[in-house]
Amino acid sequence: MTSVEENTDHTADSGPGGYAAARLRLLQEEPQSGPSRRSALAGLTDDWLTALFRTAVRETGVRGAALVAVGGYGRAELSPRSDLDLVLLHDGKAEPRALAALADRLWYPVWDLGLALDHSVRTPAEARKTAAEDLKVHLGLLDARAVAGDAGLLAGLRTSVLADWRNQAAKRLPELHSLCRERAERSGELRFLLEPDLKEARGGLRDATALRAVAASWLADAPREGLAEARRRLLDARDALHLVTGRATDRLALQEQDQVAAQLGLLDADALLREVYEAARVVAYAGDVTWREVGRVLRARSTRPRLRGLLGGRGAPAGERAPLAEGVVESDGEAVLALAARPDRDPVLALRLGAAAAQAGLPVSLHALRRLAAQSRPLPVPWPAEAREQLLTLLGAGEPTVAVWEAMEAEGLVTRLLPDWERVRCRPQRNPVHTWTVDRHLVETAVRASVLTRRVGRPDLLLMAALLHDIGKGWPGDHSVAGETIARDVAVRVGFDAQDAAVLGTLVRHHLLLIDTATRRDLDDPATVGAVAEAVGSAGTLEVLHALTEADALATGPAAWSAWRASLVADLVARVAAVLQGAAPAAAEPEIPTTEQERLAVEALRTREPVLALHAREEEDAVGAELVVAVPDQPGVLPAAAGVLALHRLTVRAAELRSLELPDRLGEVLVLRWRVAAEYGALPEAARLRTDLVRALDGTLDVPARLAEREAAYPRRRGVVPPPPRVAVVPAVSSVATVLEVRAPDAVGLLHRIGRALEAGGVRVRSAHVSTLGANAVDTLYVTTPEGKPLEPAPAAALAESVQAALG
């Protein structure tokens, strides 16, 4: 019988207590981390299990058995809280009772130490049969390693399992690819998640293991450059996560990221996420290339026999090469370099290849990109016109742009063309509204902008502004200010003239101007429209900025754009366009009510009570309902209405408050328009809302007490502590009111507390503009004295302080 060689390390005979102590010492040794610690932990565990196995064999008398590590343990990559994946192989000659006793003597000590264990007892034939039926078992056995006992049992099994894997590659690899895709759909893309699963998400450790399995098939191999290092980084991050949490978890939760970063010696959580994202990008890109090659080889295998039959046994003809652009052809479903292409003499070739591939909807050949990275000459500065045109063609290709851009980025071509890209590459965005990292968001914005190019007179400026609008996020300070300088420099670099460079700078500097103004400012205030017109400067710039605003919001995430926001921005753009065409900013006029608002207002004046209407939203992108409330002007309307909505578990997504004077009617009516969504379940009945609003206004419903009870019953979940609320007076944005801007974590009754603080301050709310994005709220309130005039600076500052104190 061939046995695994004895290890003379004294820990092998130290028993469970000795192993536990030695394990703890190893995990607490800071100098030893990374691959060396994982290997040492696997070795320590080998020694302990070997001692257990020998003792168990002596006690049970079983011969012809081996203890085998599979999966991560088989690769000698044990993280602090990794499962032990073990197979007890036997030759089938032992008595079942003795074999069961042997297994018990191995498994129970592992469980007694609190270690997770995945175990099985099989003969080599049973293991091979199970592998044929279960893909995951087959994958685990590809990394099988003998720990103790008869190593010959495993040697024969490994030979059979590998032979089966290679012989069945045409069936097994598509199964594996399908498994990877399903996992990606379930767990998401690791490099874009704020709380990524390091193992299951796309680009994670399971994908890296899948690439090893593909290589073992001999059918295709992953691009090796950077892959081992990326895998090591992900394993190091998981090790640190296990040590910080003390749990076998793979999810990098927000509240643990700073500690994990410190464990790895990184500056902060952002540095950690960026390193993890970089690693995931490498793994995901290697997967894209590898699975494409697998598909190509399998297609060729299935086609070749038919061709041989058609050609009477002669070889198949060479693959067709269809021209796409100068120096670029299509071959076997990829964009590749033509045989006569000379990267060393054609500095535009990389952009031409990318543009042609994106326009044709083709992936770019890895070989072509690496040849360009190694041989291409740098572009002169400023770029020639063709280079700029090819860049714009690439950006304007729509969805195919993403894959082509990321392939070029993975091979270093993007940062060579645009050095400022390096600072935003894989940079996380901690605002949960954002779906993507900064770099991917910029490319996604260009994709969205490509659909809008027919709407503007300068589509080239729109596409460039889309690519550059957040480029300043790689620098400290206001990213719009930093981005303006970078955008001007890049514009000159790629060959735009001075005037176009200035426009691009303006677009980047003010890319948030329209959405912020439309959702947070009073558009009836002449100062609002005048300030936007002054910042934009021309009708042509406004046209491009409008399209950029939409593309940016659509590329941010589903919460950033809606029919409601689109209508507000369009209203603002129309008003600003009129001013830029020579009209003076319109003076504020009394609100012209809609038919429904007038009906509700008349009813409210007649009954002297609140009247409301609740409508389900019908737009395709709508969430929840629109609620219109008309109330005879009186103190406390805003906090009462906001409090009642909170009590009925309605989340406010947007709100406007107006004071209407109806023609030929006596008295003023406050009209509040709310965009609301139920936290869960159905919307409440309008009659119940009205009843509670009446009670809140007459004092028979104690809204603050009820909200406090609810908050006590449902405390906030543990998580990252958000920054404290901030309330500020916004100067010079209104000529008719004082503007307060409240930025705070979205919470139950937030607008109710703001309204109460304003009522206590003795001011009148002229209008309110509520905007909720993800977990954050930005509420803008136009307030005046009871006489309808703006507040003086000192009282305005005092009011802001009192509102902030009320929210603290």
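Use the structure listed above.
Keep in mind that this is a model prediction, so the values were computed, not measured. (Residues numbered from 1 in each chain as written. Predicted model: local features only at pLDDT ≥ 70, side-chain atom pairs only at ≥ 80, totals over all residues. Heavy atoms only, no water.)

1. Looking at the overall build of the protein chain
Inference 1: The secondary structure content of the protein chain amounts to 31 helices and 15 strands.
Inference 2: Considering only C-alpha atoms, the protein chain reaches an extent of 105 × 70 × 50 Å along its principal axes.
Inference 3: Burial statistics for the protein chain: of 808 residues in total, 52% are counted as buried.
Inference 4: For the protein chain, the exposed area adds up to about 36,200 Å²; of that, 51% sits on carbon and sulfur atoms. (Helix = DSSP H or I, 4+ residues; strand = E, 2+ residues; numbered from the N terminus. Buried < 20%, exposed > 50% of the residue type's maximum accessible area, 1.4 Å probe, protein only. Areas by Shrake-Rupley, 256 points an atom, 1.4 Å probe, with all protein chains shown as cover.)

2. Side note on the sheet that holds strand E2 (residues 84-90)
Inference 1: Ordered by their spatial adjacency, four strands build an open sheet running E3-E2-E1-E4, and the pairing between neighbours is mixed. In the strand order of this sheet, the two ends are held by strand E3 (117-122) and strand E4 (145-149), each with one partner. Here the average twist between neighbouring strands, direction ignored, is 25 degrees.
Inference 2: Sheet topology note: the E2/E3 ladder contains six bridges and is parallel. Bridged to Leu86 within E3 is His119.
Inference 3: The sheet strands contacting helix H5 (residues 124-133) are E2 and E3, and the helix crosses E3 at an angle near 120 degrees. (Pairing = 2+ DSSP bridges. Axes fitted to C-alpha atoms, helices over the stretch in contact; angles between N-to-C directions. Contact = heavy atoms within 4.5 Å.)

3. Some words on the sheet that holds strand E5 (residues 321-325)
Inference 1: Taken in spatial order, the three strands of this open sheet run E5-E6-E7, and their pairing is antiparallel. Two strands lie at the open edges of the sheet, namely E5 and strand E7 (334-337), each paired on one side alone. Averaged over all pairs of adjacent strands, the angle between their axes in this sheet comes to 40 degrees, without regard to strand direction.
Inference 2: In this structure, strand E6 (residues 328-331) lies alongside E7, joined through four bridges in antiparallel fashion. What sits directly across from Ser331, in E7, is Glu334.
Inference 3: Contacts from helix H13 (residues 349-360) reach E5, E6 and E7, with the element oriented near 160 degrees to E7.

4. A look at the packing of H13 against helix H15 (residues 385-395)
Inference 1: Here H13 crosses H15 at 30 degrees, and the two axes come no closer than 8 Å. The angle between H13 and H15 falls in the class roughly parallel. Once H13 is placed against H15, the crossing between them reads as left-handed. Where H13 abuts H15, its residues Leu351, Arg352, Gly354, Ala355, Ala358 and Gln359 lie against Glu386, Ala387, Gln390, Leu391, Thr393 and Leu394.
Inference 2: The residue inventory of the contact of H13 with H15, partitioned by class, reads six nonpolar, four polar and two charged. (Parallel < 35°, antiparallel > 145°, perpendicular 65-115°, else oblique. Left-handed = near helix turned anticlockwise from the far one by under 90°. Nonpolar A, V, L, I, M, F, W, Y, C, P; charged D, E, K, R; others polar.)

5. Notes on the nonpolar core
Inference 1: Of all hydrophobic cores here, the largest spans 92 residues; its most connected members are Leu353, Trp383, Trp405, Leu418, Trp421 and Met464.
Inference 2: Grouped together as the second largest cluster of nonpolar side chains are 50 residues, Leu657, Val676, Leu791 and Ala800 included. (Core = buried A, V, L, I, M, F, W, Y, C linked by side-chain atoms within 4.5 Å.)

6. Concerning the side chain of Thr738
Inference 1: Within the secondary structure layout, Thr738 lies in strand E13 (residues 738-745).
Inference 2: Accessibility expressed as a relative area gives 7% for Thr738, which makes it buried.
Inference 3: A polar contact is formed between the side chain of Thr738 and the backbone nitrogen of Leu791, at a distance of 2.8 Å.
Inference 4: Apart from residues no more than four positions distant in its own chain, Thr738 is found in contact with Val729, Leu781, Tyr782, Val783, Pro790, Leu791 and Ala796. (Polar contact = N/O pair within 3.5 Å; in protein donor to acceptor, adjacent residues only side chain to side chain.)

7. Comments concerning the pairing of strand E1 (residues 65-69)
Inference 1: Within E1, five of the five residues are buried, leaving the element largely enclosed by the surrounding structure.
Inference 2: Going residue by residue along E1, you find Ala65, Leu67 and Ala69 tucked away on one face and Ala66 and Val68 tucked away on the opposite face as well.
Inference 3: Inspection of the sheet shows E1 paired to E2 by five bridges, in the antiparallel sense. Bridge pairing links Ala65 to His90 in E2.

8. What to know about unusual backbone geometry
Inference 1: Following Val381, the chain continues to Pro382 via a peptide bond in cis, the omega torsion being -5 degrees.
Inference 2: Mapped onto the fold, Pro382 is located in the loop between helix H14 (366-375) and H15.
Inference 3: One non-glycine residue, Ala76, lies in positive phi territory at about 60 degrees.
Inference 4: Relative to the helices and strands, Ala76 is located in the loop between helix H3 (71-74) and E2.
Inference 5: The exposure class assigned to Ala76 is partly exposed, which follows from its relative accessible area of 24%.
Inference 6: Unusually for a residue other than glycine, Arg649 sits at a positive phi of about 60 degrees.
Inference 7: As for its position among the elements, Arg649 is in the loop between helix H27 (637-647) and strand E10 (650-661).

9. A look at the environment of Ser33
Inference 1: Structurally, Ser33 is set in the loop between helix H1 (15-28) and helix H2 (35-60).
Inference 2: When the C-alpha positions of Ser33 and Asp239 are compared, they lie 8.6 Å apart, and in sequence the two are 206 residues distant.

10. What about the packing of helix H16 (residues 400-410) against helix H18 (residues 438-451)?
Inference 1: The interhelical angle for the contact between H16 and H18, taken along N-to-C directions, is 145 degrees, at an axis separation of 10 Å. Here the hand of the crossing between H16 and H18 comes out right-handed. Along the contact surface, H16 presents Thr401, Val402, Trp405, Glu406 and Glu409, while H18 presents Asp439, Arg440, Val443, Glu444 and Val447.
Inference 2: Residue composition of the contact of H16 with H18, by class: four nonpolar, one polar and five charged.

11. Section: the packing of aromatic side chains
Inference 1: As enumerated under the stated definition, the model contains four aromatic pairs in all.
Inference 2: Look at Tyr19 and Trp48: their rings are 4.3 Å apart centre to centre, the planes differ by 5 degrees, and that puts the pair in the stacked class. Highlighted residues: Tyr19 in helix H1 and Trp48 in helix H2, separated in sequence by 29 residues. Pair check on accessibility: Tyr19 and Trp48 agree, each one buried.
Inference 3: A ring pair is formed by Trp405 and Trp421, whose centres lie 5.3 Å apart and whose planes are at 65 degrees; its orientation type is edge-to-face. Separated by 16 residues along the polypeptide, Trp405 in helix H16 and Trp421 in the loop between helix H17 (413-417) and H18 bring together distant segments of the chain. (Phe/Tyr/Trp six-rings, centres within 6.5 Å; stacked < 30°, edge-to-face > 60°.)

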